[in-house]
Amino acid sequence: DVKVTQSSRYLVKRTGEKVFLECVQDMDHENMFWYRQDPGLGLRLIYFSYDVKMKEKGDIPEGYSVSREKKERFSLILESASTNQTSMYLCASSLWPGLNNQPQHFGDGTRLSIL
Amino acid sequence: GENVEQHPSTLSVQEGDSAVIKCTYSDSASNYFPWYKQELGKGPQLIIDIRSNVGEKKDQRIAVTLNKTAKHFSLHITETQPEDSAVYFCAAYQDTGRRALTFGSGTRLQVQP
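Rules behind the numbers
- Residues numbered from 1 in each chain as written.
- Chains lettered and ligands numbered in written order.
- Predicted model: local features only at pLDDT ≥ 70, side-chain atom pairs only at ≥ 80, totals over all residues.
- Heavy atoms only, no water.
- Disulfide = S-S within 2.5 Å.
- Helix = DSSP H or I, 4+ residues; strand = E, 2+ residues; numbered from the N terminus.
- Buried < 20%, exposed > 50% of the residue type's maximum accessible area, 1.4 Å probe, protein only.
- Pairing = 2+ DSSP bridges.
- Axes fitted to C-alpha atoms, helices over the stretch in contact; angles between N-to-C directions.
- Phe/Tyr/Trp six-rings, centres within 6.5 Å; stacked < 30°, edge-to-face > 60°.

(A) Just the state of the cysteines, in detail. Residues and elements named next belong to chain B. Considering all chains together, one arrives at two disulfides over all chains under this definition. With a sulfur-sulfur separation of 1.9 Å, C23 is cross-linked through a disulfide to C90. Note on the C23 and C90 pair: the S-S dihedral is about -100°, so by sign convention the disulfide is left-handed. You can see C23 sitting in strand β3 (residues 19–25) and its partner C90 sitting in strand β9 (residues 86–92), a full 67 residues away along the chain. Like C90, C23 is buried.

(B) Inspection of the sheet that holds strand β7 (residues 62–67) of chain B at higher detail. Residues and elements named next belong to chain B. Judged by pairing direction, the sheet is antiparallel, and its five strands sit side by side in the order β1-β3-β8-β7-β6 without closing on themselves. Looking along the sheet, the strands with just one partner apiece sit at the ends: β1 (4–7) and β6 (56–59). Strand-to-strand, the axes of this sheet are offset by a mean angle of 15°, without reference to chain direction. When β6 meets β7, the two strands line up antiparallel, connected through four bridges. Along β7, the bridge assignment pairs E56 with T65.

(C) A look at the pairing of strand β4 (residues 32–38) of chain B. Residues and elements named next belong to chain B. For β4, a buried count of seven out of seven residues is recorded, marking the element as mostly surrounded by other parts of the structure. Alternating residues of β4 divide into Y32, P34, Y36 and Q38 and F33, W35 and K37, and every residue in both groups is buried. In this sheet, strand β5 (residues 45–51) lies alongside β4 in antiparallel orientation, the contact comprising six bridges. By the bridge assignment, Y32 is partnered in β5 with R51. Connecting β4 to the next strand, β5, in antiparallel fashion are six residues, including G41 with a positive phi near 80°. Sheet topology places β4 next to β9; four bridges connect them, and they run antiparallel.

(D) Up close: the pairing of strand β11 (residues 107–112) of chain B. Residue and element names in this part refer to chain B. Side chains of β11 alternate between two faces, with T107, L109 and V111 buried and R108, Q110 and Q112 left unburied. Of the strand pairs in this sheet, strand β2 (residues 10–14) and β11 are connected by five bridges, and their pairing is parallel. Bridge pairing links Q14 to Q112 in β11. By the bridge criterion, three bridges tie β9 to β11 in an arrangement that is antiparallel. Residue pairing across strands places Y88 opposite T107, the latter belonging to β11.

(E) Inspection of the packing of aromatic side chains at higher detail. A full pass over the atoms with the stated rule returns 15 aromatic pairs over all chains. When the ring of F106 of chain A is compared with that of F103 of chain B, the centres are 6.0 Å apart and the planes differ by 70°; the resulting orientation is edge-to-face. Of this pair, F106 of chain A sits in strand β10 (residues 105–106) while F103 of chain B is found in strand β10 (residues 102–103), placing the two residues in two different chains. The class of F106 of chain A is buried, set by a relative accessible area of 10%. Since its relative accessible area comes to 7%, F103 of chain B is described here as buried. Ring geometry for F89 of chain B and F103 of chain B: centres 6.4 Å apart, planes at 90°, overall edge-to-face. Of this pair, F89 of chain B sits in strand β9 while F103 of chain B sits in strand β10; the two residues are 14 residues apart in sequence, bridging distant segments of the chain. With respect to burial, F89 of chain B and F103 of chain B carry one shared label: buried. Through a chain of ring-to-ring contacts, three or more aromatic side chains come together here, namely F33, Y35, F48, Y50 and F106 of chain A together with Y36, F89 and F103 of chain B.

Structure representation (C-alpha cells):
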C-alpha cells in the first residue's frame, strides 16, 4: 500500500514565523502535490512537482514556496506565516500519469493554526 | 483553466436510500474523473474513477456516470449505510497542459440510521 506521511497532524505557529510542512512518500512516485483544504472551497492546489528539484505553481501559490531535494520528500514552506494561512494542508503523490492517469494518494493532513 | 462545480454541498439520506452527487466541468480536454471519499481526520481516498472513453462504471454499491457532451459526471451510491457518511470530492484531470487534478468543493453526506 502506498503511504504518504505528513510529519505533523497539528501545528500552531505565530504570525511572521517561517513554517515548514514536511511530506514523505514511500512508493517512488514522480509527482507530489500540496493542497490546501478550506470548508466550501474544496481542495486547492498550491504547488506541485514532477521530479526532483522541479516545481510548478498551482492555483494559490502566493505566500508559499516548496522544496524537493529528494524524490520521496516534498516540503511546503510558509515564508512569513499569516492568519489567513490557517487551514488544513494535504500532501499527495502519484506515478507519472502517462496513458494510465494514475490516481493520487493523500496523506492524512496537517491542521495548521497561525495565531 | 479547468473549473469543477459540485452539488449539493450537503446531503442527508436515510439508511438504505440512494444518494447522488453531481459535478460539472468546463474544459472539454479533461479525460479522467476520479471520486474521493474523506472520512473525519483522514486524507481523501480514491473510491472510483472513470475515463472519458467510458460512459458508466460500477463497483458494488457505487457507480459513476459521465456525459461528455454535457460535461457532467455523477456519483451514485445505492443502499446507503452509516459508514458511507463522509465528505465526497469529484475531480477532473487532463494529460495535457498542467496535468494536475482540479477538485470540486465537496459534498458532506450524512446517512441517518
